[in-house]
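Structural overview
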Amino acid sequence: MSEQPSPYGAGPQASAAAPGATPSATGTPPVKRVRTHHLREMKSRGERWSMLTAYDMYTAQVFDEAGVEVLLVGDSASNNVFGNETSLPVTVDELIPLTRAVARSVRRALVLADLPFGSYQASPEQAYLTAVRFMKEAGAHAVKLEGGAEMAPQIAKLTQGGIPVCAHIGFTPQSEHTLGGYRVQGRGETADRVLADAHAVQEAGAFAVVMEMVPGDVAAQVTKELDIPTVGIGAGPDCDAQVLVWQDAFGLRTGRMPRFVKQYVDVRSVLLKGAQAYVADVRGGAFPGPEHTF
């Protein structure tokens, strides 16, 4: 595959662009690895970037080659890999091997690991010890945690200890029982809370903030006021970046989808047809043939 210039700003790791990079509108030199400062520089230039979840080697490689800037090993693995109904049951010990697989498999994307429920809320010290495991044992480049102003001490502790942090405000899935289920956050008078949370996590040192299920006008105001990038998921078109769960975006999961999901392909149908063809070949004796036999 021929290599093209990367859209990221120049950095200390400037080198040949990775496959899947797109031409730069500004002519800036390419980089080997996406870093947090590249994402902030993209915001300053008005360039949007993408984030997808990834939980294994092959999807990570594909998304990296496609040019996705950030791969999130989300606690969404709980219900997209491990079969739980929500994100709450997944553990640190379950997420670390998934994060390790993704981090080992990418050349260019920044690998962001979710801190699961119960692994950081108790204290800044607990958060730091958990995040260190993801950095040392799994090779993550940064971590993400949920919560606004109340999580500022945790964010400050991590960033001061050399661990980049992405915050997550608005609807926070780990707090679904407190929030009363999957509900839009920031409507009406509660918009001020979203704005306050956004400024609090920025001041604490977060390099970016995910906003989930926040009204588009509120997300636009946050994006305008913050220096750090905003990442939307159900937060409208004015965020600096967007994130989706890959099984939702590419049609591996079926059934009712959240309003904010756009499905780009139907991976499930392709897999189903392939599996059905395989079953038919085995039952009919067409596979294996002479060409598959030693």
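Quick summary incoming for the structure in this document. (Residues numbered from 1 in each chain as written. Predicted model: local features only at pLDDT ≥ 70, side-chain atom pairs only at ≥ 80, totals over all residues. Heavy atoms only, no water.)

1. Looking at helix H5 (residues 124–137)
- Taking 1.5 Å of rise per residue, the 14 residues of H5 would be expected to cover 20 Å, and the 20 Å separating its terminal C-alpha atoms lies within 8% of that figure.
- If you check which residues of H5 are buried, you get Pro124, Ala127, Thr130, Ala131 and Phe134. The arc enclosing the buried residues of H5, seen along the axis, measures out at 130°, which places them on a common side. Along H5, the residues that are exposed and aim more than 90 degrees away from the buried face are Leu129 and Lys136.
- Along its buried surface, H5 packs onto helix H4 (92–105), strand E3 (110–114), strand E4 (142–146) and helix H6 (152–160).
- Within two residues after H5, Gly139 carries a phi angle of roughly 80°, on the positive side. (Helix = DSSP H or I, 4+ residues; strand = E, 2+ residues; numbered from the N terminus. Expected span 1.5 Å × (residues − 1). Buried < 20%, exposed > 50% of the residue type's maximum accessible area, 1.4 Å probe, protein only. Arc of directions from axis to C-beta. Contact = heavy atoms within 4.5 Å.)

2. Quick notes on the sheet that holds E3
- Around the barrel, 8 strands lie side by side as E1-E2-E3-E4-E5-E6-E7-E8; this closed barrel has parallel pairing. Between one strand axis and the next, the sheet turns by 25° as a mean value, whatever way the strands run. (Pairing = 2+ DSSP bridges. Axes fitted to C-alpha atoms, helices over the stretch in contact; angles between N-to-C directions.)

3. Observations concerning the nonpolar core
- Leu71, Phe134 and Leu158 are the most contacted members of the largest nonpolar core, which has 60 residues in total.
- With residues near it in sequence (within four places) discarded, Leu71 still touches Leu52, Ala54, Ala60, Phe63, Val102, Val106, Ala109, Leu110, Val111 and Leu112.
- Listed in part, the 18 residues of the second largest apolar core include Met42, Ala142, Val231 and Ala241. (Core = buried A, V, L, I, M, F, W, Y, C linked by side-chain atoms within 4.5 Å.)

4. Considering H4
- Here H4 spans 20 Å end to end across 14 residues, near enough to the 20 Å set by a 1.5 Å rise per residue.
- For H4, the set of buried residues is Val92, Leu95, Ile96, Leu98, Thr99, Val102, Ala103 and Ser105.
- Buried-residue contacts for H4 involve helix H2 (57–66), strand E2 (70–73), helix H3 (77–80), E3 and H5.

5. A look at the packing of aromatic side chains
- Per the counting criterion, the structure on display carries 4 aromatic pairs.
- Measuring from centroid to centroid gives 6.0 Å for Phe63 and Trp246, while their planes differ by 65°, and the two rings are edge-to-face. Placement of Phe63 in helix H2 and of Trp246 in helix H10 (residues 246–249) is noted, with a sequence separation of 183 residues between them.
- Of the aromatic side chains, those joined through ring pairs into one cluster are Phe63, Trp246, Phe250 and Tyr264. (Phe/Tyr/Trp six-rings, centres within 6.5 Å; stacked < 30°, edge-to-face > 60°.)

6. Overview of the side chain of His38
- Position of His38 relative to the elements: it lies in helix H1 (residues 36–44).
- Residue classification places His38 among the buried positions, given a relative accessible area of 1%.
- From its side chain, His38 meets the backbone oxygen of Arg33 in a polar contact 3.5 Å long. (Polar contact = N/O pair within 3.5 Å; in protein donor to acceptor, adjacent residues only side chain to side chain.)

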